[in-house]
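# Survey of secondary and tertiary structure
Listed below, chain by chain, are the residues.
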Amino acid sequence: MDVDTRLLRYFAAVAEEGALTRAAERLFVSQPALTKQIKQLEALLGVRLFERSRSGMALTEPGRALAGRLPELLGVWDRTVAETRGAASRAARVLRVGFIASAANEATQEIVAGFAARRPGWRVEMRQASWGDPSAGLADGEVDVALLRLPFPGQEALRTEELFAEARWVALPAGHRLASREVVAFAELWDEPFVAAPAETGGWRDYWLGTDERGGRPVRVGAVTDQPDEWLSAIANGYGVALAPASAARFYARPGVVYRPVEGVGPSRVGVGWSPVHDSDPVVRDFVDCCRETASEEDLRWGPPPAGGG
């Protein structure tokens, strides 16, 4: 019998979380989709894996037997896949680097140049991920290392190191009532519709909606996007406002969108991440070292960027 490893990972997440809702957030999938996958696995195995109740999902005896073997099974598979893909990259002397939005801002080029100096003949292949994958490809083993925004769901299963932090600002339609302000209090935005990341990104979406800083006030979602161009269009067209790193005013300037500092929300943190299977990989270590050196040598906490995006 052949079973998709994705089904096993879904099962493992539900077993660990004990609830479909939390597991769905962790996996970046909807709850109905996760329920369907669990039922599919039960049908393939011909056993009931969970007892479902209002209090959550409890493992049955067969479920406990499967859960006990999965860490070893999936660990071996993950190492095998990483080694196979890594071998292909090493043969081509390519390091696959995932990134979200503007990566490490202006420091990105310096990091890549530093790596090239350490590894002559090697090439960094930058792969931009949508906001639907806050791990920038690390979670699925699509990249060797990534420049990403912390925190993100599933971060605890990966290695991450913070490089620098920058303030979160707000992106507003140019004609918005608050667009002329020098600084906007976050409380003034609580009743505004927001442009949000896909719901399956869970805690990532919540972070960029400022959920923890709303004092319990519900979020109004005016549009959902997972790409920078779509995000900018939604804001410019008046479908909502959005929290963004201060550097967005430099990297995503656009007519019809303005950026303003926000009081009442914490900063965004940029980090480098990699899979535990690459802990002993000297090429990945070199890239991470370049990230550390750039972060320590350069003043990455940029001063206020231009207030307007166009």
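Thresholds, definitions, all that
- Numbering of residues begins from 1 in every chain and follows the order in which that chain's sequence is written.
- Per-residue local features of the predicted model are confined to residues with pLDDT of at least 70, and side-chain atom pairs are confined, for both listing and counting, to 80 or more; whole-chain, interface and lining totals are unaffected and use all residues.
- To obtain the side-chain values, all non-hydrogen atoms of the structure were used and water was disregarded.
- For every residue, the accessible area obtained with a 1.4 Å probe (protein chains only) is divided by the maximum for its type, and the residue is called buried under 20%, exposed over 50%, and partly exposed between those limits.
- Each helix corresponds to a stretch of at least 4 residues labelled H or I by DSSP, and each strand to a stretch of at least 2 residues labelled E; elements are numbered beginning at the N terminus.
- A pair of strands is considered paired only if DSSP assigns at least 2 bridges between the two.
- Within the patch definition used here, like charges are joined within 9 Å and nonpolar side chains (Val, Leu, Ile, Met, Phe, Trp, Tyr) within 5 Å, considering only residues with over 30% relative accessible area and no salt bridge.
- To measure how exposed things are, a 1.4 Å probe is used in the Shrake-Rupley method; for residues, cover is taken only from the protein chains shown.
- Salt bridges are counted wherever a side-chain nitrogen of Lys or Arg sits within 4 Å of a carboxyl oxygen of Asp or Glu.
- The convention used is that axes are lines fitted to C-alpha atoms, helices contributing only their stretch in contact, and that angles between N-to-C directions extend from 0 to 180 degrees.
- Roughly parallel refers to an angle under 35 degrees, roughly antiparallel to one over 145, roughly perpendicular to one between 65 and 115, and oblique to any angle outside these ranges.
- Take the far helix as your reference; a near helix turned counterclockwise from it by less than a right angle gives a left-handed crossing, and one turned clockwise gives a right-handed crossing.
- Residue contacts are defined here by distance: any two heavy atoms, one from each residue, within 4.5 Å place the two residues in contact.
- By nonpolar core is meant a set of buried Ala, Val, Leu, Ile, Met, Phe, Trp, Tyr and Cys residues that side-chain atoms within 4.5 Å join together.
- Counted as positive: Lys and Arg. Counted as negative: Asp and Glu, with His and the chain ends omitted from the count.
- Here a polar contact is taken to be a pair of N or O atoms separated by no more than 3.5 Å, where protein atoms must pair a possible hydrogen donor with a possible acceptor and residues adjacent in sequence count only if both atoms sit in side chains.
- To estimate the expected span of a helix, subtract one from its residue number and multiply by 1.5 Å.
- The arc in question is traced by the directions running from the helix axis to the C-beta atoms.

### Remarks on the pairing of strand S12 (residues 257–263)
Counting buried positions along S12 yields 5 of 7 residues, so the element is predominantly enclosed. For strand S7 (residues 168–173) and S12, the ladder comprises 5 bridges, and the chain directions are antiparallel. Within S12, the residue paired with Leu172 across the bridge is Val258. Taken together, the 2 bridges between strand S8 (residues 184–185) and S12 define a ladder with parallel strand orientation. Residue Ala185 lies in a different strand from S12, and its bridge partner there is Glu263.

### Considerations on a nonpolar patch on the surface
Together, Leu44, Leu45 and Val47 line one region of the surface with nonpolar side chains, adding up to about 190 Å² of accessible area. Inspection of the secondary structure puts Leu44 in helix H3 (residues 31–45).

### Comments concerning unusual backbone geometry
In this structure, the amide linkage connecting Leu150 to the following residue, Pro151, adopts the cis form with an omega of 0 degrees. Counting through the fold element by element, Pro151 comes out in the loop between strand S5 (145–150) and strand S6 (159–166). Positioned with a positive phi, Ala103 is a non-glycine residue whose angle comes to about 55 degrees. Here Ala136, not a glycine, exhibits a phi torsion of approximately 60 degrees, which is positive. Mapping Ala136 onto the fold places it in the loop between strand S4 (123–129) and S5.

### Some words on the packing of helix H1 (residues 5–17) against helix H2 (residues 20–27)
Between H1 and H2, the least distance of the axes is 8 Å, while the angle of their chain directions is 130 degrees. Looking at the two axes, H1 sits oblique to H2. Considering how the two elements wind past one another, H1 and H2 form a crossing that is right-handed. Counting all contacts with H1, which are made through Arg9, Tyr10, Ala13, Val14, Glu16 and Glu17, the residues of H2 involved are Leu20, Arg22, Ala23, Arg26 and Leu27.

### Points about the sheet that holds S5
If you trace the 5 strands from one edge of the open sheet to the other, you get S4-S3-S5-S13-S6, paired in mixed fashion. Two strands close off the open sheet at either side, each with one partner strand: S4 and S6. Mean inter-strand twist for the sheet, computed between neighbouring axes without regard to direction, equals 25 degrees. Where strand S3 (residues 94–100) lies against S4, 7 bridges are found, and the strand directions are parallel. By the bridge assignment, Ile100 is partnered in S4 with Ala129. Of the strands in this sheet, S3, S4 and S5 touch helix H5 (residues 107–118), which is tilted by about 150 degrees from S4.

### Here's the deal with the nonpolar core
Ranked by size, the top nonpolar core spans 48 residues in total, and within it Ile100, Leu148, Phe186, Leu189, Trp231 and Tyr259 carry the most contacts. Taken together, the elements giving at least two residues each to this core come down to S5, S7, strand S9 (193–196), helix H6 (203–208), helix H7 (228–236), strand S11 (242–245), helix H8 (248–251) and S12. What Leu189 contacts, discounting residues up to four positions off in sequence, is Val170, Leu172, Leu178, Val184, Phe194, Arg214 and Val241. Core analysis: the second largest hydrophobic core is formed by 24 residues, Val97, Ala104, Phe115 and Cys290 among them.

### Some thoughts on the sheet that holds S11
Ordered in space as S8-S12-S7-S11, the 4 strands form an open sheet in which the pairing is mixed. Bordering the open sheet on either side are S8 and S11, each of which pairs with just one other strand. Each of S7, S11 and S12 touches H7; the most contacted strand, S12, lies at about 90 degrees to it.

### Thoughts on the side chain of Arg260
If you trace the backbone, Arg260 turns up in strand S12. Although buried, Arg260 forms no salt bridge, and the nearest oppositely charged side chain, Glu182, lies 8.6 Å from it. At a separation of 2.6 Å, a polar atom in the side chain of Arg260 contacts the main-chain carbonyl oxygen of Ala179.

### Regarding the pattern of salt bridges
Scanning all chains against the criterion turns up 22 salt bridges. Measuring nitrogen to oxygen at the nearest pair gives 2.5 Å for the salt bridge that ties Glu61 to Arg64. Pair noted here: Glu61 and Arg64 are both in helix H4 (residues 61–92), with a separation of 3 residues, about one helical turn. Residue classification places Glu61 among the exposed residues on the basis of a relative accessible area of 54%. Notably, a salt bridge pairs Arg181 with Glu188, separated by 2.9 Å at the nearest N-O pair. The class for Glu188 is partly exposed, based on a relative accessible area of 26%. Because the salt bridges share partners, they merge into one network encompassing Arg118, Arg119, Glu161, Asp286, Asp289, Arg292 and Glu293.

### With respect to H3
With 15 residues, H3 should reach 21 Å at 1.5 Å per residue; the first-to-last C-alpha distance of 21 Å fits that figure. Every buried residue belonging to H3 is among Leu34, Gln37, Ile38, Leu41 and Glu42, and all of these are buried. Taken end-on, H3 shows its buried residues confined to a sector of 140 degrees, consistent with a single buried face. Away from its buried face by more than 90 degrees, H3 exposes Pro32, Lys36 and Ala43. Looking one or two residues beyond H3, the residue adopting positive phi is Gly46, at roughly 75 degrees.

Structural measurements only, silent on function.
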